[in-house]
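For reference, the chains in residue letters:
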Amino acid sequence: MSNEFVNLTTDNIASEHLCCAIADKKHQRGVDVKRTWLIDRVADGHVFRKLNEKGKVFIEYAPLEKAWVPIVGDNYIYIYCLWVSGSFKGKGYGKELLDYCITDARKQNKAGVCIISSKKKKPFLSDKKFMQKFGFETVAMIDGEYELMALSFDGSKPGFTSNAKKQNIDSEELTIYYSLQCPYIPNFIEQIETYCNANDIPVKLIKVDTLEKAKELPCVFNNWAVFYRGKFETVHLLNEGYLKKMFDK
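Not measured: the values here are computed from a predicted model.

A. Layout of the sheet that holds strand 2 (residues 47-51). Taken in spatial order, the seven strands line up as 1-2-3-5-6-8-7 in an open sheet, and their pairing is mixed. One side of each edge strand has no neighbouring strand; the edge strands of this open sheet are strand 1 (5-7) and strand 7 (137-142). Taking the axes of each pair of neighbouring strands and ignoring which way they run, one obtains an average angle of 25 degrees across the sheet. Together, strand 2, strand 3 (57-63) and strand 5 (76-84) form the strand contacts of helix 1 (residues 28-42), whose direction differs from that of strand 3 by roughly 40 degrees. Lying over the sheet, helix 2 (residues 93-107) contacts strand 1, strand 2, strand 3, strand 5, strand 6 (112-118) and strand 8 (146-152), oriented at roughly 165 degrees with respect to strand 5.

So this is what it looks like as structure tokens:
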């Protein structure tokens with residue numbers, strides 16, 4: 001098995017696969033959308049590093065000032081996603097990818113590295129215990145569940161914005177904030193629209209398409225956030241099955 005890693009650039013992004021939606025044809029439109037999103041982020045210092053194999057083994061991070069999340073801090077790196085799955089687990093790839101990010105942050109004279117995790121393990125968020133092995137500590141928390149973890153090099157700490165701590169909005173209807181960073185999102189949006197239209201469920205889909213909008217969000221957000229009846233529900237991507245459970249309560 002290869003231990004060669006590749007960083008996506010404007011030169012190779014069109015030819016390299018994007019890992020997370022590699023095998024599912026229904027997400028290929030999302031892959032194209034993701035490529036476009038990435039091309040626009042490279043100039044901001046956004047890094048997408050992956051194993052040179054057809055599998056889900058990658059890390060994605062950016063300078064916190066340019067990261068599309070309602071988190072602020074001086075001179076930090078923010079990790080969007082660290083994912084190792086299937087047969088690639090247990091081979092040290094997660095450690096290699098995280099080590100690369102930490103080393104890169106030190107080379108850039110950053111103040112540290114941060115990531116969103118959770119008290120209990122949740123889909124689409126990195127495992128808290130794994131991050132703790134590398135010295136990451138919880139520096140902020142929302143609702144006693146979602147945690148901002150940081151590895152500080154100089155003692156400084158990032159934090160959630162004051163807006164992110166609100167976790168509520170005025171609207172009672174199903175409301176979803178989303179960016180086009182994740183290749184799964186276009187298909188999930190389609191499933192949500194189809195299900196809600198068929199079941200007469202009012203839904204508001206709010207596209208987060210600028211850094212400024214992302215920094216001002218009223219909730220925890222990594223590329224997706226769901227509200228219902230005015231309250232924040234989850235960062236879990238909603239498909240038809242999840243919606244049925246949600247509205248059959």
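There is more to say, and it comes next.
B. Up close: the sheet that holds strand 10 (residues 174-178). Taken in spatial order, the four strands of this open sheet run 11-10-12-13, and their pairing is mixed. Two strands lie at the open edges of the sheet, namely strand 11 (203-207) and strand 13 (231-234), each paired on one side alone. Sheet twist, expressed as the mean angle between neighbouring strand axes with direction ignored, is 25 degrees. Across three bridges, strand 12 (residues 224-228) lies against strand 13 in antiparallel orientation. From the neighbouring strand, tyrosine 228 faces strand 13, where its bridge partner is lysine 231.

C. Here's a closer look at helix 1. Compared with the 21 Å implied by 1.5 Å per residue over 15 residues, the 21 Å span of helix 1 between its first and last C-alpha is a close match. Turning to helix 1, its buried residues are Gly30, Val31, Lys34, Arg35, Trp37, Leu38 and Arg41. Turning to helix 1, the residues buried within the fold contact strand 2, strand 3, strand 5 and helix 4 (185-198).

D. Spatial organisation of the state of the cysteines. Per the stated rule, a full pass over the model turns up zero disulfides. Unpaired in terms of disulfides, cysteine 114 finds its nearest cysteine sulfur in cysteine 101, a separation of 9.4 Å. On the accessibility criterion, cysteine 114 (0% relative accessible area) is buried.

E. Focus on the packing of helix 1 against helix 4. Look at helix 1 against helix 4: their axes get within 7 Å of each other, and the N-to-C directions meet at 130 degrees. Overall, the two elements helix 1 and helix 4 adopt an arrangement that is oblique. Contact with helix 1, carried on its side by Arg29, Gly30 and Val33, involves Pro186, Asn187 and Glu190 of helix 4 and no other residues of that element. Each residue belonging to the contact of helix 1 with helix 4 can be placed in one class, and the counts come to two nonpolar, two polar and two charged.

F. Examining the nonpolar core more closely. Membership of the largest hydrophobic core comes to 41 residues, with the highest contact counts inside it found for Leu64, Ile71, Tyr78, Tyr80, Phe160, Tyr177 and Phe232. For this core, the elements supplying multiple residues, two or more each, are helix 1, strand 3, strand 5, strand 6, strand 7, strand 8, helix 5 (211-215) and strand 12. Residue-level mapping places this core at the junction of two domains, with at least three residues from each of domain 1 (5-160) and domain 2 (164-248). Leu51, Ile79, Leu97 and Ile115 belong to the second-largest nonpolar core, a separate cluster that totals 24 residues.

G. Inspection of the packing of helix 4 against helix 6 (residues 240-247) at higher detail. Two elements in contact, helix 4 and helix 6, have axes whose closest approach is 9 Å; the angle formed by their N-to-C orientations is 45 degrees. Here helix 4 is positioned oblique relative to helix 6, judged by the angle of their axes. For helix 4 against helix 6, the interelement crossing comes out right-handed. On helix 6, the residues touching Gln191, Ile192 and Tyr195 of helix 4 are Glu240, Leu243, Lys244 and Phe247.

Parameters at a glance
- Residues numbered from 1 in each chain as written.
- Predicted model: local features only at pLDDT ≥ 70, side-chain atom pairs only at ≥ 80, totals over all residues.
- Heavy atoms only, no water.
- Pairing = 2+ DSSP bridges.
- Helix = DSSP H or I, 4+ residues; strand = E, 2+ residues; numbered from the N terminus.
- Axes fitted to C-alpha atoms, helices over the stretch in contact; angles between N-to-C directions.
- Contact = heavy atoms within 4.5 Å.
- Expected span 1.5 Å × (residues − 1).
- Buried < 20%, exposed > 50% of the residue type's maximum accessible area, 1.4 Å probe, protein only.
- Disulfide = S-S within 2.5 Å.
- Parallel < 35°, antiparallel > 145°, perpendicular 65-115°, else oblique.
- Nonpolar A, V, L, I, M, F, W, Y, C, P; charged D, E, K, R; others polar.
- Core = buried A, V, L, I, M, F, W, Y, C linked by side-chain atoms within 4.5 Å.
- Domains from an automatic or database assignment.
- Left-handed = near helix turned anticlockwise from the far one by under 90°.

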